[in-house]
Amino acid sequence: MSARLVGVRFAIFGLPAAVVVLLLVTLSGDGITVTRPAQPVPAVSAVPVAAAPLPSPTTSASPSPSPTFHDGDGRFGAFITTGSQAVALTFDDGPDPINTPKLLAMLRERHIHATFCMVGFRVRDRPDLVRAIHADGHTLCNHSWQHLLNLAQRDDAYIDWDLRHTNDMIRAAVGTDVPVRYFRAPGGNFTPALVAKARSLGMDSISWDVDPRDWEHTHDSGASAHISRVVSHVKGHTRPGSIVLSHDNGQPNTITAYQYLLPWLQERFTLAGLPAAGL
C-alpha cells in the first residue's frame, strides 16, 4: 500500500490573496478517504427558567368544531343566569383535598349535579379530585391558573397562556376529549377582552346572580353565625335560572351550610350543572 500527498490549489479571483486548501488524501485499493478539518459546533444557549411560558403539547391537537356562542345577560356578555328554569350551583377555587370530597358525597347522595370552577395549579396538584368531579357528572369550569384578581390587566400573552394552561391541566386529568366549556374570571372581574379571549378558546364566561359571600368571615361572630348568614342569603335570593356562587376551597363552613341548603333547594328548584353545549 502506498500513500501520496496531493496538493490542490483553488484560486479565488477578485480577492487580494489566493486561498489554498490542502487536502490529505490516502489512497487504499479502490477506496478514497478524505480527511477534512473538524467543523466547530455552534454554541447553544440554555433557555432561561423565566422565559415566557409556552402552551403544553395538548394545545397543538386538532381543534374541535367551533361551538355556537350567545351573549350572556351580564356585563360584557358574561352570563349571570342559566336562561332556563334550572338553578346552577357553582363552587369555586378548588379542588380542595378536604372539602371537595365531602361536597361530592353530599351531591352524589342527592343525585345533584353542580359546576366546579377550578384553579389551574390546584388541578395540577390534585388530578384525582378532578377525575372524581368529572366521574360524578359535574360540569368543569376554568377559573384561571392562580386566581389573579387583576388577570384582565395582564398582557395578552400571559392571559392566553393562563387560560390555555389551566384547560390543559384539566384535560390532562380527565382526557383531551372532555370539553371545558366555561370560564369564570377571578372575582368576576370580566372585561370585553377577557370574555373575547375565553370565547376564542371555546368557553362561555359565567358570573352569578346569587353571592352569599361565603368567603367573608369578618362580619360574623363565629362559625354558626357565618353558616346562618350563608344559608339565609341563598334561600332569600335564589330564583329559577339563578347561578349561585359558593366556594369549596378552604371553606368548611360552606360545606356545612349546604347540608341545610341542598334539601331546601332541591324541594323548590331544578338543580343542574351548566350544560356541556354551553349557554
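The structure displayed is predicted, hence computed values, not measured ones. (Residues numbered from 1 in each chain as written. Predicted model: local features only at pLDDT ≥ 70, side-chain atom pairs only at ≥ 80, totals over all residues. Heavy atoms only, no water.)

Visitor: Any chance you could explain the pattern of salt bridges here in plain terms?
Guide: Any two side chains of opposite charge can pair if their charged atoms end up close together. One pass over the structure, following the stated rule, counts eleven salt bridges. A salt bridge links aspartate 160 to arginine 164; the nearest nitrogen and oxygen atoms lie 3.0 Å apart. Here aspartate 160 and its partner arginine 164 are both found in helix H4 (residues 156-174), four residues apart, which amounts to about one turn of the helix. The residue aspartate 160 makes a salt bridge to lysine 197 at a minimum N-O spacing of 2.9 Å. You can see aspartate 160 sitting in helix H4 and its partner lysine 197 sitting in helix H5 (residues 192-200), a full 37 residues away along the chain. When its relative accessible area of 17% is taken as the criterion, aspartate 160 is described as buried. Linked by salt bridges that have partners in common, Asp160, Arg164 and Lys197 make up one network. (Salt bridge = Lys/Arg side-chain N within 4 Å of Asp/Glu carboxyl O. Helix = DSSP H or I, 4+ residues; strand = E, 2+ residues; numbered from the N terminus. Buried < 20%, exposed > 50% of the residue type's maximum accessible area, 1.4 Å probe, protein only.)

Visitor: Looking at this structure, how should I read the nonpolar core?
Guide: Taken as a class, soluble globular proteins show a tendency for nonpolar side chains to be buried jointly. Formed by 53 residues in total, the largest nonpolar core has its most connected members in Leu89, Phe116, Phe183, Tyr258 and Leu265. Those elements that place two or more of their residues in this core are strand E3 (88-94), helix H1 (99-109), strand E4 (115-118), helix H3 (127-135), H4, H5, helix H6 (223-237) and helix H7 (252-268). For this core, the leading source of residues is H4, giving eight residues. Leucine 265 has contacts with Leu89, Val234, Thr238, Tyr258 and Leu271, leaving out every residue within four places of it along the chain. (Core = buried A, V, L, I, M, F, W, Y, C linked by side-chain atoms within 4.5 Å. Contact = heavy atoms within 4.5 Å.)

Visitor: Is there a simple way to explain the packing of aromatic side chains in this structure?
Guide: Geometrically, a pair of aromatic rings is defined through the distance of the ring centres and the angle of the planes. Evaluated as defined, the whole model comprises six aromatic pairs. Centroid distance phenylalanine 91 to tyrosine 258: 5.1 Å. Interplanar angle 70°. Geometry classified as edge-to-face. Note that phenylalanine 91 is positioned in strand E3 and tyrosine 258 in helix H7, a separation of 167 residues in sequence. Ring geometry for tryptophan 145 against tryptophan 161: centres 5.9 Å apart, planes inclined by 65°, an arrangement best described as edge-to-face. Remark: tryptophan 161 occurs in helix H4 and tryptophan 145 occurs in the loop between strand E5 (139-142) and H4; sequence separation between them is 16 residues. Note on tryptophan 145: relative accessible area 9%, which makes it buried. Among the residues examined, tryptophan 161 registers a relative accessible area of 13% and is labelled buried. A connected cluster of aromatic rings, assembled from ring pairs, spans Phe91, Phe116 and Tyr258. (Phe/Tyr/Trp six-rings, centres within 6.5 Å; stacked < 30°, edge-to-face > 60°.)

What is shown is where atoms sit, not what they do.
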